[in-house]
Amino acid sequence: INLPAADKYGTQSVIQLLRTIAQDGSIWMRHEGQYICAELQNVQFIGACNPPSDAGRVAMTPRFLRHIPVLYVGQPSESSLTVIYSSFNKALFRKIGVMRAFADPITRAMVAVFEAVTARLTVDVQSHYAFSPRELSRWVRGLAEMFSENAPEDAEVLVRGWAHEAFRLFGDRLVDDVDKTWLIKTIEGVAQECFPSCDLSVALKQPILISRWTTASLESVSRDEMRSFLDARHKVFREEVADVRVVFFDSVIDHSLRLDRVLRQPMGHALLIGASGAGKTTLSRFVSWMNGFSIFQIKAHKNYKQKDFEEDLRKLLKRCGCGNEKVCFIIDESNVLEPAFLELMNALLASGEVPGLFQGEELTHLLAEMKDSAKKDGLHVDNDNILTVFNDRVRLNLHLIFTMNPAGDDFDGRVATSPALFNRCVVDWFGDWEFPALEHIAAEFTSSLDLSICVEHGNEQSEQLISESSLRKGVVNTLATTQSAIKKNCVAFSDRSGLALHISPRHYIDMVEQFISVFGEKRALVEDQHLHLNQGLAKLQDTESRVVEMSAELSTKRILLDEKGKEAEQTLGRMVNEQQVAETNRKQVLKLQEELELKTADIEGRREEVQSQLADAEPAVQAAQQAVSGIKKQQLDEIRGMAQPPAPVKMSLEAVCVMLYDTKKPTWEEIRKTIRRDDFISGILNFETESLTRDRKLRLLKPYLDDPKFEPESVKRSSKACGPLCQWVHSQVLFARVLDKVGPLRAELSTIEKDMVATQQQVQQASEELNGLEERIAECKKQYQELISLTQSLQAEMKVVEGKVGRSQGLIQSLSLERERWSKDQAGFGNKLKTLVGDALVHAAFLAYMGGLDQESRLSAVLQVMNLCEENGVFVAEEVSPMRDLATPGQVMKWRGAGLPEDDICTENSILLHRYRRYPLIIDPSEQANAFLQKLMSTGGKITSTSFSDSGFIKILESSLRFGTALIVTDVDTVDPVVNSVLNKDVHVTGGRRLVRIGDREVDFSPSFAMFLSTRNPRPSIGADVCSRVTIVNFTVTMAGLESQLLSHALRIERPDVDTMRNELLKVRFETTAKQRELEALLLETLTRTQGSILDDDTVATSLATLQQQSSDMEKKLAESESVASQVESVAAQYTPLCRTAANAFFVIAVLPRLHAVYEFSLPMFVTEFKELLKSKETSSEKESRVRMLVQAFMRRLLCRVGEGMFSEHHPVLFLRLAQVMLEHGGMEQEPLPELEVSDFLQGSVGGGIDQIRKVYRLEQAFGSQVDDSSSPFSQWLNAGAEFPL
């Protein structure tokens, strides 16, 4: 009784009524037109409610509670639950016999799991994690149903049945894998404690599936067994009920068994929670059909009210009660149009009846029908128990399945306000499709695709070999990963733009089907092109080879017959000339060889001189190194032990340290540390003498070398170890000086050696040229002999050859360009097939997901899908473009002829409107898409425009469905549920007729029917359910698109001649491109149809020449259009600053609703202001001055027009934003602002530069980081310290 929410006065009308009765014992009621006070006697009220602290509950007023006693019934304790359900289980297990001893362990296990679940899985974790002792009652009922048919004979079967019910009661409503894993471990732990003698590896082996579909009783089954059975039954379902494809992956099998379990139980109701399009309704219909239930669904529409719902409920309950018909009532949350619907369902779920539903005449008719039904069934009823029998039948025959989407904003609210939905219904969490399910669906749908040709050409074009199975796996993985990747992309876009885009399983099915469709279409197209190219090129190649043969033959015959002597003389002269050249080359080779010998001798002499000088110093170095290597460790230790060494010893060691480590004069402590190093002797022995230069080291050593005491013999007398070191220093210095001396000589030697190598290369090159000349001389001799030996036997054939050559040369020359182009296309055929799969994946993702995104997000999403293809080993073209690949130039020309704007995003949107699989919902703030569709569709047939608010909408919809005309539904802020069956394409075949249900009527469904939903709201509130049913196409104008449109208006008004030229230019380009493709196809087709050689058929040759001439004319026409294009672009560039400024200004006013919700200014209004300005009489002698004048005039006009509809406190923000636009885009940098007439609504003056303006008007909210960007012209203008007209 504390469910009703408080009204605006803080009271609850029902509670107030009860308070009056409890306080006064009477109630005021209307009787015969007057209010009377009726006293109540022998009436008592008992109320029940959840604590007010629970979600959705309202605390009752103390004014009511002070009149009644309140009893608190707490949650039963664990011991109480054990006592209660132990008695239930003991009664149950008396029938099982040998399993009677398990009654108490089963009870303890049930209570233990229940306590663990209620302690961890609370409403704080998920709003629907609400568990009560009712779950234990359902547990006992489930075991009773299971074991009443087939009593378990061993503990493993018993425990498996116990665990199965636990997973159904608690596990089916769990959301994430963490909770599911925890529940499995909890059940395993409880089972191990309560059933120690049971083999849990058998009893709890996953998955635990129990069904009676394939057996006579409830028994454990496997997924593969269920999948085969369900596939077979589903084929019959598609033939008899609805042609809807269902893929039975693992989770679908699990959900099917769960639904079957619910429908088998009395008053078994289910609440299915999952993403829109996850298959909740379809699976419910399928399982209900398998159990022999009739399906009942309400057909809601915009005007569907509580009374309509009550009428449907009366029909439903009569079918169940009076008709004794088993019915499954499937209702989706999208059909709950009023809160009263849920209140009625709560009552129906809680008690199996709806109080007050049948009253007056309706109750009379119900009683009469129920009596007739009871008589037919042989039941004796009277007025006292007839309603009881009716309600019992309803409870027995009616099953309700309610489907919800957790992504909805009101999901948690419905959990709180509709307790019976979650208490009386078995909750089954469908969620979203997980990755394995996505893979399974993709694999199932694409299993019939033949990818072998792509694999074959992919291996030819790539170093990395792939197999068809790996490519198929890559396709499946790409399809599955794209769903989650695009979903994240759409979430980011929604956060940024405010346009909510929900990605559902329907999008995924759409993408998979689009992939199959695009792949098949593109493969057929490429293969057809390849076939025609091969046949055409083969014909051309054959013809060309024959022409070349005949031309060569004719030329040879003329040479032989008319100029044999002259040609022989020329051949002989060429041979003589080449012999002379060869002789000259031979002399040059001999001369180079002589020079090479002289240089070799010179190098050898210089090398010996260097070696001789080095040989004088090397023995001394070797002797010193040998002496050093003889130094013993004891001698070094002795030196290290000296506190004050003799001067020669210290001098020798200092010199060694200077040489080794390039340091200045070291101290004795540093020397001792150096001697102590392990690499001291090895460093001396491996010393590189060339590191001693005349510079630093020699300068450091000079004081030692000049000292007369620094002599080996003198040092040796002081220390035997230092003598060799001193000797080594002298020898190294000597050797270094020798190296310095011979350095120039060695450098000169190196130069001469390089010169000799170059000479050797010249000799080799000249020799090779000489050999080549000699080979050519030999060839000339051979040719000369062949020319002389020619005969005149071919003279009779010349006349025939001349005739064929004359005809063939013209044909070959005319087709040369086509042949070159076709050859390139044929060479690229392998690449096309290699990337065919990846391109189709990108196109499918674009068609299924990206219609609602803006241009930037689309590009990002396309790149993301391309990266996914590469990661999964699927080749994709580097420049894949949906706009280029999914539409032909002829189609684009047709669309633009119907008024489609010329920017890329509009072309992409037209592709989406042309290739949709789900009916489009067009976001069209400017209403350009609506006008475009009206004009486009009117050329091909009838099109009707209507809206949901139209009183005749249903009739218009039925007419369009029946006759297959296009239907545009405008101003779609919310989608009328009446079109859900059309959006879902719930078409069924009856008697050969394709029918769809609209409300309570069956209407013929024409395959040519098309429906387009359209809204002018740039950020419509699209629910997840609607989003999954439609293809969102975002025609929101972009900056580039608006600038292009404004430029068209400017040219049309200012320069109509240039606008005409511009339109003609676009038309010529598209027509030429389309005509070229058409002529090329005709050429290939003509070549393909030709039997035999082209040269043998004059008609074919003439036809080919005509087609080629037309193609050449098209190319010339396209070339001529380029000169016109430059002229048009030159004129258009003059108006670009105006159009760019205006476009940026529009996006300034487009975001004004962030300041206030009423600041909505439409694009048509904006364009009207722009065109009115261009039609004004203001003129200027210079074009640039006029454009500047138009910029200023338009900003004045826009400021006044928009400012009139704004509050005065927001005028400065508008003024500053438009000022920024003028400075940044209006070509007025470094100049003061024009004098704008804003005094009518801008008052006062603000000085002090940007700091004061930021403080007063909070510019960061309007400008962001641009205020602090000192390089911005706008920021420089603000900081100039001038007075602003604010």
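Please refer to the structure higher up on the page.
Fair warning: this is a prediction, and the values are worked out from it, not measured in the lab. (Residues numbered from 1 in each chain as written. Predicted model: local features only at pLDDT ≥ 70, side-chain atom pairs only at ≥ 80, totals over all residues. Heavy atoms only, no water.)

Another aspect to go through is the nonpolar core. Among the nonpolar cores identified, the biggest contains 137 residues, and Tyr508, Phe515, Val837, Met850, Met1011 and Leu1013 are the most heavily contacted of them. Per-element tally for this core: the top contributor is helix α33 (residues 836-849), with 11 residues. Non-local contacts of Met1011, meaning those with residues more than four positions away in its chain, are made with Tyr916, Tyr919, Pro920, Leu957, Leu967, Val969, Val982 and Leu983. In terms of nonpolar packing, the next biggest core, distinct from the first, is built from 47 residues, Phe93, Ala155, Leu183 and Ala191 among them. (Core = buried A, V, L, I, M, F, W, Y, C linked by side-chain atoms within 4.5 Å. Buried < 20%, exposed > 50% of the residue type's maximum accessible area, 1.4 Å probe, protein only. Helix = DSSP H or I, 4+ residues; strand = E, 2+ residues; numbered from the N terminus. Contact = heavy atoms within 4.5 Å.)

Looking now at helix α7 (residues 177-194). With 18 residues, α7 should reach 26 Å at 1.5 Å per residue; the first-to-last C-alpha distance of 26 Å fits that figure. Of all the residues in α7, the buried ones are Asp179, Leu183, Thr186, Ile187, Val190, Ala191 and Cys194. Buried residues of α7 fall within an arc of 130° about the axis and therefore sit on the same side. The outward face of α7, more than 90 degrees from its buried face, is lined by the exposed residues Val178, Lys185 and Gln192. Buried residues in α7 make contact with α4 (103-120), α6 (155-169) and α8 (200-203). (Expected span 1.5 Å × (residues − 1). Arc of directions from axis to C-beta.)

Taken together, the three strands give an open sheet; going across it, the order is β13-β14-β15, and neighbouring strands pair in antiparallel fashion. Of all the strands in the sheet, the pair left with one neighbour each is β13 (988-990) and β15 (1001-1004). When the angles between neighbouring strand axes are averaged without regard to direction, this sheet yields 50°. With four bridges joining them, strand β14 (residues 993-998) and β15 adopt antiparallel strand pairing. In the sheet register, Leu995 faces β15, and the bridge partner there is Asp1004. Packing of helix α39 (residues 953-963) onto the sheet brings it into contact with β14 and β15, and relative to β15 it is tilted by some 40°. (Pairing = 2+ DSSP bridges. Axes fitted to C-alpha atoms, helices over the stretch in contact; angles between N-to-C directions.)

For the rest of this paragraph, the subject is the environment of Ala278. Its place among the elements puts Ala278 in the loop between β5 (269-274) and α11 (280-290). Note: C-alpha distance between Ala278 and Phe430 (152 residues apart in sequence) is 7.4 Å. Leave out the neighbours within four places in its chain, and Ala278 touches Phe430, Gly431, Trp433 and Pro505.

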